[in-house]
Amino acid sequence: MRHYYVYLIEEEFANHFFGREAKLFHLFQEYLRTSPEQLEFNHLYKQIRYVTKSISAESIDHMIESSLTNRYNYAHIEGHHRIDSESKRGNALLQVRDQYIEVTSIGSFDMEAIFFEILRKIDSCFLAMDFEAKRYGWLKPIKERKFV
């Protein structure tokens with residue numbers, strides 16, 4: 001099973017950390033290790049709030065639902081978006097949280113890729129992180145600016 005946390009990063013920081021995503025990954029990793037009692041006054045909490053943009057659950061839900069509504073293997077039930085593989089051997093679940101989007105998938109990577117493709121069309125600054133597998137990356141790679 002793969003479990004992704006997808007954060008929307010402020011464009012200024014996304015541009016700055018392009019190619020240095022490992023630094024952001026380690027910041028978020030430390031943040032998630034912090035106990036809930038310590039979070040609000042923790043410097044990591046303040047840093048995370050500073051580099052991330054808030055996510056509009058309503059608009060994300062609407063975009064996903066309108067993009068997938070014609071698929072027979074898609075369902076939107078109780079705040080969860082679900083896609084089942086055609087072979088029924090895998091699926092992906094997406095849920096919009098307050099500060100991030102959570103994607104869990106089993107089976108083929110194609111299942112989460114469907115969700116990621118929709119998210120990358122919404123904004124170019126989404127960073128997906130799988131802390132167990134230590135994998136991370138931009139859903140839509142930011143092109144480096146070329147100065148003449």
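Rules used throughout
Residues numbered from 1 in each chain as written. Predicted model: local features only at pLDDT ≥ 70, side-chain atom pairs only at ≥ 80, totals over all residues. Heavy atoms only, no water. Helix = DSSP H or I, 4+ residues; strand = E, 2+ residues; numbered from the N terminus. Rg over C-alpha atoms; globule rule 2.2 N^0.38 Å. Buried < 20%, exposed > 50% of the residue type's maximum accessible area, 1.4 Å probe, protein only. Contact = heavy atoms within 4.5 Å. Areas by Shrake-Rupley, 256 points an atom, 1.4 Å probe, with all protein chains shown as cover. Lys, Arg positive; Asp, Glu negative; His and termini not counted. Charge placed at Lys NZ, Arg CZ, Asp CG, Glu CD. 1 Å grid on protein atoms, 1.4 Å probe; cavity = no way out; pocket = protein on both sides within 12 Å on 5 of 7 lines; lining within 4 Å. Points joined across faces, edges and corners; volume = space filled by probe spheres on them. Nonpolar A, V, L, I, M, F, W, Y, C, P; charged D, E, K, R; others polar. Pairing = 2+ DSSP bridges. Axes fitted to C-alpha atoms, helices over the stretch in contact; angles between N-to-C directions. Expected span 1.5 Å × (residues − 1). Arc of directions from axis to C-beta.

I keep staring at the overall build of the protein and nothing clicks. Help me out?
A count of helices and strands for the protein gives 6 helices and 7 strands. At 16 Å, the protein has a C-alpha radius of gyration in line with the 15 Å of a compact globule built from 148 residues. If one aligns the C-alpha atoms of the protein with their principal axes, the spans along those axes are about 50 × 45 × 30 Å. Counting all 148 residues of the protein, 44% fall into the buried class. Put simply, 58% of the contacts in the protein that link residues at least 6 apart link residues at least 24 apart. Counting only carbon and sulfur atoms, one obtains 49% of the accessible surface of the protein, whose full area is about 9400 Å². Both charge centroids of the protein, one from 20 positive and one from 22 negative side chains, sit 6 Å from each other.

What should I look at first to understand the layout of surface pockets in this one?
If a probe the size of a water molecule is rolled over the atoms, the empty space left behind becomes visible. By volume, the largest pocket is sized at about 190 Å³. Among the elements that make up the lining of the largest pocket, the one with the highest residue count is helix α6 (residues 110-122) (5 residues). The class makeup of the residues in the lining of the largest pocket is 8 nonpolar, 1 polar and 4 charged.

What is the right way to read the environment of I55 from this model?
Mapped onto the elements of the fold, I55 is located in the loop between α4 (43-51) and α5 (57-68). The sequence separation of I55 and L8 amounts to 47 residues, and the corresponding C-alpha distance is 7.1 Å. For I55, the contacting residues outside a window of four places in its chain are V6, L8, I60, V96, D98, Q99, Y100 and I101.

Help me understand the sheet that holds strand β2 (residues 74-77) in this model?
The strands making up a sheet associate through hydrogen bonds between their backbones, and the pairing can be parallel or antiparallel. Spatially, the 7 strands line up as an open sheet ordered β2-β3-β4-β5-β1-β6-β7, and their pairing is antiparallel. Strands at the two margins of the open sheet, each flanked by one partner only, are β2 and β7 (135-138). The average angle at which neighbouring strand axes cross in this sheet is 15°, direction not considered. Where strand β1 (residues 2-8) meets strand β5 (residues 101-106), 5 bridges bridge the pair, whose relative direction is antiparallel.

Explain α5 to me, please; I cannot follow it from the model alone.
An α-helix turns once per 3.6 residues; consequently, residues spaced three or four apart project the same way. With 12 residues, α5 extends 16 Å from end C-alpha to end C-alpha; this agrees with the ideal 16 Å at 1.5 Å per step. What α5 keeps buried is the set I60, D61, I64 and L68. Relative to the axis of α5, the buried residues are bounded by an arc of 100° and lie together on one face. Residues of α5 that are exposed and angled more than 90 degrees away from the buried face: E58 and H62. In this structure, the buried side of α5 is in contact with β2, β3 (80-84), β4 (91-96), β5, α6 and β6 (126-130).

Could you clarify how one ought to interpret the environment of I114 in this entry?
When you line up the elements, I114 lands in helix α6. A relative accessible area of 18% means that I114 is categorised as buried. With 64 residues separating them along the chain, I114 and Y50 place their C-alpha atoms 29 Å apart. Discounting chain neighbours no more than four positions away, the residues touching I114 are L68, R71 and I83.

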